[in-house]
Amino acid sequence: MINHDRLLTKFGVSMKFGDKYIPLEKFNKMREESLKNPEKFWGEQAKCLDWDKTWDKVLEWNPPYARWFVNGKLNASYNCVDRHIKGSRRNKAAIIWENENGDCRTLTYYELYREVNKFANVLQNLGVDKGDRVAIYLPMIPEAVIAMLACARIGAIHTVVFSGFSSDALAERINDAGAEVLITADILYRRGKKINLKNIVDKSLLDCPSINYVVYVHRDKDNDIKLKEGRDYLWDELMKGAKKYVKPVSVESNHPLFILYTSGTTGKPKGVVHSTGGYLVYVTKTMEWTWGINDMDVFWCTADIGWITGHSYVVYAPLSLGTTTVIYEGAIDYPNPGRIWEIIENHGVTILYTAPTAIRMLMKYGEEWVKSHDLSTLRMLGSVGEPINPKAWEWYYEVVGQKRCPIADCYWQTETGGHIIYPPLGIQNIPLKPGSATFPGIGIDADVVDENGNSLPPNKKGLLVIKNPWPGMLLGLWKNDVRYRKAYWERIKNCYCPSDYAIKDEDGYFWILGRADEVLNVAGHRIGTAELEHVLVSHPLVAEAAVIGKPDEIKGEVPVAFVIPRKEIDDKKEAKEQIIKYVRDTLGPVAAPTMIFFVNKLPKTRSGKIMRRVLKKLILGEDLGDLSTIEDNTSIEEIKNELSDFV
Ligand code: 6R9
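In this text, all values refer to a predicted model and were calculated from it rather than measured experimentally.

Of regular secondary structure, the protein possesses 19 helices and 30 strands. Here the C-alpha radius of gyration of the protein, 24 Å, is about what a compact globule of 647 residues would show, namely 26 Å. Projected onto the principal axes, the alpha-carbon positions of the protein cover approximately 70 × 65 × 55 Å. Each of the 647 residues in the protein was classed as buried or not, and the buried ones make up 62%. Counted over contacts in the protein with a minimum sequence separation of 6, partners at least 24 positions apart contribute 72%. Only carbon and sulfur atoms are counted for the fraction: they give 48% of the accessible area of the protein, which is about 25,400 Å².

Below you can see the structure in the form of structure tokens.
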């Protein structure tokens, strides 16, 4: 049992933001209304978008399927660009892009509008139609946003694949989605190096029969791209002949806007499907409620567009609100640890939204890097991806925010579309407790329950659940209804279960304690242990493997693998390096184990399940707890010996 008292710092329970305590009346009233009469409430909120046709019904709830704004019609790209160019935001910066070298590119709303229209026509010319899937495998460049919005404009469903993923991961996602077109680039730049995406793509495409066309953004003009005739085209070439205007295709509110793959407890990633209307209303409103956006804001969310945070709070919510969104290609500490602060200063960023793992890394570099920059434009901060430890919270608050910027710790998931537990700072200042994401948001009926679904009293650790549907809730999993029900709705009856442990304290604050399934959180990225084990055992040296998460000061958690080798290994060091490289190449660098231990046996239950909990305790040097179900005790002794150098 994790004692959440440990998380409380000197700010503690009585921490208040601002000079006087403000009762939560306004927020509480809104929240109450949203839960009492959700249809009336969300019907009002949905007016934040421009609809081509009003819905017949706000919510159709056939558990576990929620359909919002039924028969309402709209277009997401219209809402993110067209409507802004009709008024005073026409020449406002929509996107400010910068890279590691300090090269900048700004696109106004009008410029973005033009590019989106042209690229929508490019897609049409490649035969892409409403409902077709388009895969996007691009670094953090404006073309990624243009491609996403162009898909939305013609009703095509995008599936963005993180550009750090390997060829196998890319192919698996393309094949599951049945994507017909792939938008990618020749290279990406990171930490001063060129990474050849084309090589990765070429390898993937050997195994992607659904792909008809590939569009390359040509970045490295010193080198030609070898194109396959009839399949491969260059972005710039196709844009030259494109029409300047494509009428936005009006889609029904529940038409899928995108599929985004996330790790689950089995070896196969889950294709989370989000709607157009419900999703866009939810991300737009949660961004407003979290930070209270105004026209002076320059918003920088450091997430990659390959993750949900990038989809919702780099692209869709900021653009729907007509905000300026910053896109940075590269590492935030490269070429020097002050890079992130330099960008805030350069562009007058007013809200910074980043992850605890980034904060811990920046903290390690020391406050001099922060102090040598003018961060006076910052007015609010945000944190996402994993629980933020109070030490990092304090540093973020004091050194970065100079005690003037409240921190919105936002808890949510790929599946929830937008924030679900977060401080409603855009509605009113509220007392913050470092490490707590505060309260369930507007329209969210959350609770902490035991395995039988009984509500737990304050300060008891249990499972977080949501008892009602909300507009940002996933439509389902792509072509996998059985898994959708099983993954989210079977653990606790009649509730959506995000599979996170939580505590609700005596003041009603929620504290998220980490995953309640076999999914690791490595630097804010979800990595399924099953997925990783599956890859490990496909290596010729590996007979069996078990993966656990080892706590890490910077990354939160890192994967550690216990491996039963297929044969006697002479050079263990070399074998370990070989296996790590293999995982890196297959799943991508974030998933690579930091340590591998060769063992002869793994601790298993009598029914043959690997006892990962025991492995974790062993690596932490903790008491092993109840071992009554273990099949063979000798496995423990052997692992203890193997670990003795490390613990
Ligand atoms: C948005 C995002 C979701 C998982 C989630 C939880 C963890 C995210 C958190 C947090 C504590 C926060 N998580 N935000 N835990 N406090 N503020 O990260 O989506 O990649 O799907 O991960 O991340 O464990 O279940 P996703």
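Here the narrative resumes, following the displayed structure.
With that out of the way, let us pick up the site of the ligand. Around the ligand, the surrounding shell holds 17 residues, and the nearest of these are Cys410, Thr414, Asp500, Arg515 and Arg526. One nitrogen or oxygen atom from the main chain of Cys410 is found 2.8 Å from a nitrogen atom belonging to the ligand. Measuring from an oxygen atom of the ligand, one finds a side-chain N or O atom of Gln413 at 3.1 Å. Secondary-structure elements contributing two or more residues to the shell around the ligand are helix H10 (308-320), strand E20 (407-410) and strand E25 (510-515). In terms of residue class, the shell around the ligand is made up of seven nonpolar, five polar and five charged.

With the rule as written, the count across this model stands at 37 aromatic pairs. Between Trp393 and Tyr397, the ring centres sit 5.1 Å apart and the planes meet at 20 degrees, which makes this aromatic pair stacked. Here Tyr397 and Trp393 lie together in helix H14 (residues 390-400), a separation of four residues that amounts to about one turn. There is no split in this pair, since Trp393 and Tyr397 are both buried. Relative to Tyr496, the ring of Tyr488 has its centre 5.4 Å away and its plane inclined at 15 degrees; by these criteria the two rings are stacked. Among the aromatic side chains, those forming a connected cluster through ring pairs are Phe41, Trp42, Trp51, Trp55, Trp68, Phe69, Tyr282 and Trp289. Above the ring of Tyr509, the side-chain terminus of Lys433 is found at 4.4 Å from the ring centroid.

The subject of this paragraph is the sheet that holds strand E30 (residues 595-598). Judged by pairing direction, the sheet is mixed, and its three strands sit side by side in the order E28-E29-E30 without closing on themselves. Two strands bound the open sheet, and with one partner strand each, they are strand E28 (542-552) and E30. Ignoring which end each strand starts from, the neighbouring axes of this sheet average 25 degrees apart. Sheet analysis places E28 next to strand E29 (residues 556-565), joined by ten bridges and oriented antiparallel.

Packing of helix H9 (residues 277-291) against H10 brings their axes to within 9 Å, and their N-to-C directions diverge by 85 degrees. Classified by the angle their axes make, H9 and H10 are roughly perpendicular. Of the residues in H10, those touching H9 at Tyr279, Leu280, Val283, Thr284, Thr286 and Met287 are His311, Ser312, Tyr313, Tyr316, Ala317, Pro318 and Ser320. Its residues assigned to classes, the contact of H9 with H10 comprises eight nonpolar, five polar and no charged.

Every regular strand shows the same layout, with side chains that alternate between the two sheet faces. A large share of strand E8 (residues 181-185) lies buried, amounting to five of its five residues. Pairing of strand E6 (residues 133-137) with E8 involves four bridges; the strand directions are parallel. Of the residues in E8, the one forming a bridge with Ile136 is Ile183. With five bridges connecting them, E8 and strand E11 (residues 213-217) associate as parallel partners. Bridge pairing in E11 places Val181 opposite Tyr213.

Our focus in this paragraph is the nonpolar core. Formed by 175 residues in total, the largest nonpolar core has its most connected members in Leu112, Phe119, Ile183, Trp291, Trp300, Tyr316 and Trp341. The biggest single contributor to this core is helix H5 (residues 142-153), with nine residues. Excluding anything up to four places from it in sequence, Tyr316 contacts Ala76, Cys80, Met148, Leu149, Ala152, His158, Leu257, Phe258, Tyr279, Leu280, Val283 and His311.

Applying the stated rule across the entire model yields zero disulfides. Here Cys301 is not disulfide-linked; the sulfur of Cys410 is the nearest cysteine sulfur, at 9.8 Å. On the accessibility criterion, Cys301 (1% relative accessible area) is buried.

Every buried residue belonging to helix H6 (residues 167-177) is among Ser167, Ala169, Leu170, Ala171, Arg173, Ile174 and Ala177, and all of these are buried. Remark: Gly178 follows H6 within two positions and exhibits a positive phi of approximately 65 degrees.

With that settled, consider helix H19 (residues 634-643). What H19 keeps buried is the set Ser635, Ile636, Ile639 and Leu643. Within H19, the buried residues cover an arc of 95 degrees as seen down the axis, which keeps them to one side. Turning to H19, the residues buried within the fold contact E29, E30 and helix H18 (612-620).

Below, the discussion takes up the environment of Pro603. Examined against the element boundaries, Pro603 turns out to sit in the loop between E30 and H18. C-alpha separation for the pair Pro603 and Thr290, spaced 313 residues apart in sequence, amounts to 45 Å. Residues in contact with Pro603, not counting those within four places in the same chain, are Lys609, Ile610, Met611, Val614, Leu615, Ile630, Ser635, Ile636 and Ile639.

A volume near 390 Å³ is recorded for the second largest pocket. Looking at the second largest pocket, it is lined by 20 residues, and the ones nearest its centre are Thr265, Lys486, Ala487, Ser499 and Asp517. Element by element, the count of residues in the lining of the second largest pocket is highest for helix H15 (residues 481-489), at four residues. Grouping the amino acids of the lining of the second largest pocket by side-chain chemistry returns six nonpolar, six polar and eight charged.

Strand pairing in a sheet is mediated by backbone hydrogen bonds. Such pairs are either parallel or antiparallel. The four strands are arranged E21-E22-E24-E25 in an open sheet whose pairing can be described as antiparallel. At either margin of the open sheet sits one strand with a lone partner, and together these are strand E21 (446-449) and E25. If you compare each strand with its neighbour and ignore which way they point, the axes differ by 45 degrees on average. In this sheet, strand E24 (residues 500-504) lies alongside strand E22 (residues 462-466) in antiparallel orientation, the contact comprising two bridges. Across the sheet, the residue bridging to Gly462 is Ala502, located in E24.

Another point: unusual backbone geometry. The peptide bond linking Pro63 to Pro64 adopts the cis configuration, its omega dihedral lying at 0 degrees. Looking at where Pro64 falls in the secondary structure, it is placed in the loop between strand E1 (57-62) and strand E2 (65-70). Tyr334 connects to Pro335 through a cis peptide bond whose omega is 5 degrees. Notably, Asn459 is not glycine yet its phi reads approximately 70 degrees, a positive angle. Within the fold, Asn459 resides in the loop between E21 and E22.

About the thresholds
Residues numbered from 1 in each chain as written. Predicted model: local features only at pLDDT ≥ 70, side-chain atom pairs only at ≥ 80, totals over all residues. Heavy atoms only, no water. Helix = DSSP H or I, 4+ residues; strand = E, 2+ residues; numbered from the N terminus. Rg over C-alpha atoms; globule rule 2.2 N^0.38 Å. Buried < 20%, exposed > 50% of the residue type's maximum accessible area, 1.4 Å probe, protein only. Contact = heavy atoms within 4.5 Å. Areas by Shrake-Rupley, 256 points an atom, 1.4 Å probe, with all protein chains shown as cover. Near = heavy atom within 4 Å. Polar contact = N/O pair within 3.5 Å; in protein donor to acceptor, adjacent residues only side chain to side chain. Nonpolar A, V, L, I, M, F, W, Y, C, P; charged D, E, K, R; others polar. Phe/Tyr/Trp six-rings, centres within 6.5 Å; stacked < 30°, edge-to-face > 60°. Lys NZ or Arg CZ within 6 Å of the ring centre and 35° of its normal. Pairing = 2+ DSSP bridges. Axes fitted to C-alpha atoms, helices over the stretch in contact; angles between N-to-C directions. Parallel < 35°, antiparallel > 145°, perpendicular 65-115°, else oblique. Core = buried A, V, L, I, M, F, W, Y, C linked by side-chain atoms within 4.5 Å. Disulfide = S-S within 2.5 Å. Arc of directions from axis to C-beta. 1 Å grid on protein atoms, 1.4 Å probe; cavity = no way out; pocket = protein on both sides within 12 Å on 5 of 7 lines; lining within 4 Å. Points joined across faces, edges and corners; volume = space filled by probe spheres on them.

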